[in-house]
Amino acid sequence: VELSYGTSQRRRRLKVLINPFGGKGTAANLYKTYAAPIFAAARCQVDVQTTEHRGHAIEIAEQLDLDAYDAIICCSGDGLPYEVFNGLGRRPNGREALAKMPVALLPCGSGNGMTWNCLGTESVSVASLALIKSFRTPLDLVSVTQKNTRTLSFLSQSFGIVADSDLGTDNIRWMGAQRFTYGFLVRLMQRTIYPCDLAIKVEIGDKRVIKDHYRSYVSQEYDPLADPIRVEAASQSPALPELEYGTVEDQVPKDWEVVPGEHMGNFYAGNMAIMSKDTSFFPASLPGDGLMDIVTIDGTVSRTTSIKMMNEIPTGGFFDMADVNIRKAKAFRLVPHEKDGYISIDGEKVPFEAFQCEIHQGLGTTLTK
Ligand code: ADP
Ligand code: MG
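An account of the accompanying structure is given in this report. (Residues numbered from 1 in each chain as written. Chains lettered and ligands numbered in written order. Predicted model: local features only at pLDDT ≥ 70, side-chain atom pairs only at ≥ 80, totals over all residues. Heavy atoms only, no water.)

Some thoughts on the pattern of salt bridges
Side chains carrying opposite charge are able to pair once their charged atoms draw close together. Quick note on the threshold: When a carboxyl oxygen of Asp or Glu is within 4 Å of a side-chain nitrogen of Lys or Arg, the pair counts as a salt bridge. Note on conventions: DSSP H or I runs of at least 4 residues are helices, E runs of at least 2 residues are strands, and numbering of each starts at the N terminus. Under the scheme applied here, a residue whose accessible area is under 20% of the maximum for its type counts as buried, over 50% as exposed, and between as partly exposed, the area being computed with a 1.4 Å probe on protein chains only.
What the rule picks out here adds up to 14 salt bridges. The residue D289 makes a salt bridge to K328 at a minimum N-O spacing of 3.1 Å. Here the residue D289 occupies a position in the loop between β12 (279-280) and β13 (292-298), and K328 occupies one in strand β14 (residues 325-336), the gap between them amounting to 39 residues. By relative accessible area, which is 9% here, D289 ends up buried. Among the residues examined, K328 registers a relative accessible area of 0% and is labelled buried.

Structural notes on the environment of F159
The condition that has to hold: The criterion used for residue contact is that any of the two residues' heavy atoms lie within 4.5 Å.
If you trace the backbone, F159 turns up in strand β7 (residues 156-160). Separated by 56 residues in sequence, F159 and R215 have C-alpha atoms that sit 29 Å apart. If sequence neighbours within four positions are ignored, F159 has contacts with Y194, P195, C196, M264, N266, F267, L334, P336, Y342, I343 and F352.

Observations regarding the sheet that holds strand β2 (residues 45-50)
Keep this limit in mind: Any two strands between which DSSP finds at least two bridges are classified as paired. To define axes, lines are fitted to C-alpha atoms, for helices over the stretch in contact only, and angles between the resulting N-to-C directions are given on a 0 to 180 degree scale.
Pairing in this open sheet of four strands is parallel, and the strands run β2-β1-β3-β4 from one edge to the other. Single-partner strands in this sheet number two, and they are β2 and β4 (103-107). For this sheet the average axis-to-axis angle between neighbouring strands, irrespective of direction, equals 25 degrees. Examined bridge by bridge, strand β1 (residues 13-18) and strand β3 (residues 71-76) share five bridges and lie parallel to one another. Paired with L14 across the two strands is A71, which belongs to β3. Along the sheet, helix α3 (residues 79-89) makes contact with β1, β3 and β4, crossing β3 at roughly 150 degrees.

What about the side chain of S153?
Under the convention used in this document: Identification of polar contacts relies on pairs of N or O atoms within 3.5 Å, with a donor-acceptor requirement for protein atoms, meaning one able to donate a hydrogen and the other able to accept it, and with residues adjacent in sequence counted only if both atoms are side-chain atoms.
On the secondary structure map, S153 appears in strand β6 (residues 149-153). Only 2.8 Å separates the side chain of S153 from the side chain of D346, close enough to count as a polar contact.

What to know about the site of ligand 1
So the rule is basically this: If a single non-hydrogen atom of a residue is within 4 Å of a molecule or strand, that residue counts as near it. Note on areas: Shrake-Rupley, 1.4 Å probe, and residue coverage restricted to the protein chains presented here. Three classes are used, and their members are as follows: Ala, Val, Leu, Ile, Met, Phe, Trp, Tyr, Cys and Pro are nonpolar, Asp, Glu, Lys and Arg are charged, and the others, Gly among them, are polar.
Close contacts around ligand 1 come from 20 residues, with G23, E83, S110, R173 and E348 the closest. A distance of 3.4 Å separates a nitrogen atom of ligand 1 from a polar atom in the backbone of E52. For ligand 1, the accessible surface in isolation is 580 Å², of which the surrounding protein chains cover 88%. Residue composition of the shell around ligand 1, grouped by class: two nonpolar, twelve polar and six charged.

So, the packing of helix α8 (residues 178-190) against helix α11 (residues 303-315)
Applied cut-off: Here is the rule for angles: anything less than 35 degrees is roughly parallel, anything more than 145 is roughly antiparallel, 65 through 115 is roughly perpendicular, and the remaining ranges are oblique. Crossing chirality is assigned from the near helix's rotation relative to the far helix, an anticlockwise turn below a right angle marking it left-handed and a clockwise turn marking it right-handed.
Axis separation between α8 and α11 bottoms out at 10 Å; the angle between their running directions is 160 degrees. Here α8 lies roughly antiparallel to α11, going by the angle between them. The handedness of the crossing between α8 and α11 comes out as right-handed. Between α8 and α11, the contacting residues are T181, F184, L185, L188 and M189 on the first element and R303, S306, I307 and M310 on the second.

Remarks on the coordination of the magnesium ion (ligand 2)
Put simply, the rule reads: Distances define the donors: N, O and S atoms within 2.8 Å of the metal qualify, as do those within 3.2 Å of Na, K or Ca. Water is excluded, so some sites may look unfinished.
Surrounding the magnesium ion (ligand 2) are the protein donor atoms L286 (O), D289 (OD) and L291 (O), which sit 2.1 to 2.3 Å from the metal. Of note, the donors binding the magnesium ion (ligand 2) are all from one chain and are spaced L-x2-D-x1-L. Since its relative accessible area comes to 8%, L291 is described here as buried.

Digging into the packing of helix α1 (residues 27-41) against helix α6 (residues 124-132)
Here α1 crosses α6 at 30 degrees, and the two axes come no closer than 9 Å. In terms of orientation, α1 and α6 fall into the roughly parallel class. Pair α1 / α6 crosses with right-handed handedness. Residues L30, Y34, A35, I38 and F39 of α1 form the contact with α6, whose own contacting residues are V124, S125, S128, L129, L131 and I132.

Examining the environment of V248
Structurally, V248 can be placed in the loop between α10 (228-235) and β9 (257-259). Distance from V248 to T145, taken between C-alpha atoms, is 5.9 Å for residues 103 residues apart in sequence. Those residues in contact with V248, other than ones at most four positions away along the chain, are T145, Q146, K147, R333, A354, F355 and Q356.

A few points about the packing of aromatic side chains
Our working definition: In this analysis, rings of Phe, Tyr and Trp, with Trp reduced to its six-membered ring, are considered paired at centre separations within 6.5 Å, and the interplanar angle assigns stacked below 30 degrees, edge-to-face beyond 60, and tilted for intermediate values. We call a charge positioned above a ring when the Lys NZ or Arg CZ atom is no farther than 6 Å from the ring centre and deviates by at most 35 degrees from the ring normal.
If you walk through the whole model with that rule in mind, you get eleven aromatic pairs. Between F159 and F352, the ring centres sit 6.0 Å apart and the planes meet at 20 degrees, which makes this aromatic pair stacked. With a gap of 193 residues between them, F159 in strand β7 and F352 in the loop between β16 (348-350) and β17 (355-368) connect regions that are remote in the sequence. In this pair, the class of F159 matches that of F352, namely buried. Here the basic side chain of K207 rests over the ring of F319, its NZ or CZ set 5.9 Å away from the ring centre.

If you want it as C-alpha cells, here you go:
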C-alpha cells in the first residue's frame, strides 16, 4: 500500500458525502456555504454525493474507486463515518482499504465527536480549513459482535443512561445537540438502573497508571514511518483481522474481570476523548493506543453526585471522582438483563442483545490537524 505521511497533501481529491437527514437537516447548506469555497480555494477536486437512505454510505464506501480519491469527507454527524468505516471493512481487501483511505467528518450532525477530537472545532469553516492542511493518522477500530454479525465502531459503545439519552430522544431532533443533555437530565431525575452482566479484558485498571500511560504516549515523538502497525497491515490477511477473543457466542475467556452489573447506571466505552461539546468523557483515551477506555458508574449513586459528575466533565475533575470507574481494556462483553432498551454504537441504535467488543490497533485512518 502506498502511504503518504509527514507532509500535508496538495490538491486533494475528495469524496464528499452529505447526509440530508443529519442534525437539524442543514448539512447541504452548511457544506455549500462554509466548506465548498475553502475546498475550491485550495484547488481540491471534489465529488459530492448525497446519501439517499440509511446504509447508503456503506454501499458507497464498499464500491468506491479507492485510487480516485485521497479522502472521504462526511458532512453529517458521527453516523456517516460509522457507515463508511463499515463499508471499507466489507471490501475483500478490508485491511488495505481501511489503511489507505482516511475518513473525516465535517460537523453537520447532532453528535460530531470525530471533528471535536481530530480537528478541535465544531465550526464547519474552521474544520474545512483544518482538513485541507491535515495529516493522515491511524485510528483504532473496534469489532462489535452480536449473534453472528460483526460490525466496526470508531467512537463509542454505550449502554445505560447515555445510550438512552442518545437514542431515546430522536423525537426531539429539532433541539440539536441539546437533546442529549435534556434526555440525560430527564433520566437522571428518575435515577434509572440498567442491570447487565459485564466482563472486561482489562489492561490497566489503576487510574494513576492510566495517567502515566497517557503522559508517556503523548510525550513520544510520533514517527509514522516507524509505526509497526502500518508496516504489518499490508502483509497480513487482506480481509479484517481475526478476532483474538472470539465472538459473543463463545465462552467468556477465564482471565477477564467480572464487573458487578446489577445496578449499572452508565456503561460507556470510548476510543476518543471528546463525545460532544465540552464533554471530554474519556480524558485519558488515545485514538491509536490499541486500548479502549471504559467508564462504569453505578446507578445507585445519589442525584447530587450525578449532577456533580456532569459539572466536573468540562472542568476535568470527572476522571478522579471516586464513583467514576475507569479501565483501559482490549475487549469486553455486556449482556443486558432486561428485554427492551438501548445499545448505542457510535450513536447508532443496534439490537438490544448481548454484544462483545474487541479493539484493533490502528486499523482505520483519519485526518487530524
Ligand atoms: P446525527 O448526528 O444528527 O444523528 P448522523 O449523520 O449521525 O446525524 O446520521 C443519522 C442517521 O441518518 C444515520 O443513521 C444515517 O444512516 C442516516 N441517514 C443517512 N442518509 C440518510 C437519508 N438520506 N435519509 C435518512 N437517513 C439517512
Ligand atoms: Mg485507544
